[in-house]
Amino acid sequence: MNLQMFTSADGRIGRQAWWLAQIVICVAAVVAMFAGGALLALSGVDNYAAGFSLMHMLASIIIAATLYFGFTVNTKRWHDHGRSGWWNLALFVPVVGPLLGLVMLGFLAGEEGDNRFGPLAVRYAGDDAQRFGRAGQ
């Protein structure tokens, strides 16, 4: 897992990398919220309105970053299924969208072999090093 997984929508990733990325994004967002709240509390802002506004600004930045990183990771997973990243919009359909996303992105295998979005992300060739994408490193 590298930083490019979260910042670039090019390429493909497998289910294991997608689940791991989702966990990293959620944990990072929670840690950032708590750290920001603690820093704000320690800063000594006396004015309730100013502190409230700063917390909203911080939360907005963290939510925007979380959405961006989530959409780039989801786009790579959609690419593994041979679909465009625009399928992320399906996730906004109430009830059906999140269920569709969870099943397709989290549980269904992607296309075998290369597709128009690039080569297969992880090749399962047998030994643990290759199975976890560390072959040749």
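This one's a predicted model, so the numbers in the text were calculated from it and none came from an experiment. (Residues numbered from 1 in each chain as written. Predicted model: local features only at pLDDT ≥ 70, side-chain atom pairs only at ≥ 80, totals over all residues. Heavy atoms only, no water.)

The residue Glu 111 is located in the loop between α4 (96-107) and α5 (128-131) in this model. Sequence spacing of Glu 111 and Asp 80 is 31 residues, and the spatial spacing of their C-alpha atoms is 6.1 Å. (Helix = DSSP H or I, 4+ residues; strand = E, 2+ residues; numbered from the N terminus.)

Moving on, we come to a nonpolar patch on the surface. Residues Trp 19, Leu 102, Val 103, Phe 107 and Leu 108 make up a contiguous nonpolar surface patch of about 440 Å² in total accessible area. If you tally residues by element for the nonpolar patch, the top one is α4, at 3 residues. The topology assignment puts Leu 108 in the loop between α4 and α5. (Patch = residues over 30% accessible without salt bridge, like charges linked within 9 Å, V, L, I, M, F, W, Y side chains within 5 Å. Areas by Shrake-Rupley, 256 points an atom, 1.4 Å probe, with all protein chains shown as cover. Salt bridge = Lys/Arg side-chain N within 4 Å of Asp/Glu carboxyl O.)

Our focus in this paragraph is helix α3 (residues 48-80). Between its terminal C-alpha atoms α3 stretches 48 Å, which fits the 48 Å expected from 33 residues at 1.5 Å a residue. One or two positions beyond α3, positive phi appears at Gly 82, with a value near 80°. (Expected span 1.5 Å × (residues − 1).)

The subject of this paragraph is the side chain of Lys 76. Turning to its location among the elements, Lys 76 is positioned in helix α3. With residues near it in sequence (within four places) discarded, Lys 76 still touches Gln 4, Met 5, Ser 8, Ala 9, Asp 10, Gly 11, Arg 12 and Ile 13. (Contact = heavy atoms within 4.5 Å.)

Given two aromatic rings, one states the distance between the centres and the angle between the planes to describe the pair. All told, the structure shown has 6 aromatic pairs when counted by the stated rule. Relative to Trp 87, the ring of Trp 78 lies with its centre 5.4 Å away and its plane at 40°, an arrangement referred to as tilted. Judged by its relative accessible area of 35%, Trp 87 falls in the partly exposed class. Members of the aromatic cluster, connected to one another through ring pairs, are Phe 6, Tyr 68 and Phe 69. (Phe/Tyr/Trp six-rings, centres within 6.5 Å; stacked < 30°, edge-to-face > 60°. Buried < 20%, exposed > 50% of the residue type's maximum accessible area, 1.4 Å probe, protein only.)

Next up on the list: the pattern of salt bridges. One pass over the full model with this rule turns up 2 salt bridges. Notably, a salt bridge pairs Arg 12 with Asp 80, separated by 2.8 Å at the nearest N-O pair. Of this pair, Arg 12 sits in the loop between α1 (3-7) and α2 (15-42) while Asp 80 sits in helix α3; the two residues are 68 residues apart in sequence, bridging distant segments of the chain. For Arg 12, a relative accessible area of 7% translates into the label buried. When the shortest N-O distance is used, the salt bridge between Arg 77 and Asp 80 registers 2.5 Å. Remark: Asp 80 and Arg 77 occur in helix α3; sequence separation between them is 3 residues, near one turn of the helix. Looking at Arg 77, the relative accessible area reads 0%, which means it is buried. Members of the salt-bridge network, linked through shared partners, are Arg 12, Arg 77 and Asp 80.

With that out of the way, let us pick up the nonpolar core. Counting 10 residues, the largest nonpolar core consists of Met 5, Phe 6, Ile 13, Trp 18, Ala 21, Ile 25, Val 73, Trp 78, Met 104 and Leu 105. Only α1, α2, α3 and α4 provide two or more residues apiece to this core. Broken down by element, this core gets its largest block of residues, 3 residues, from α2. (Core = buried A, V, L, I, M, F, W, Y, C linked by side-chain atoms within 4.5 Å.)

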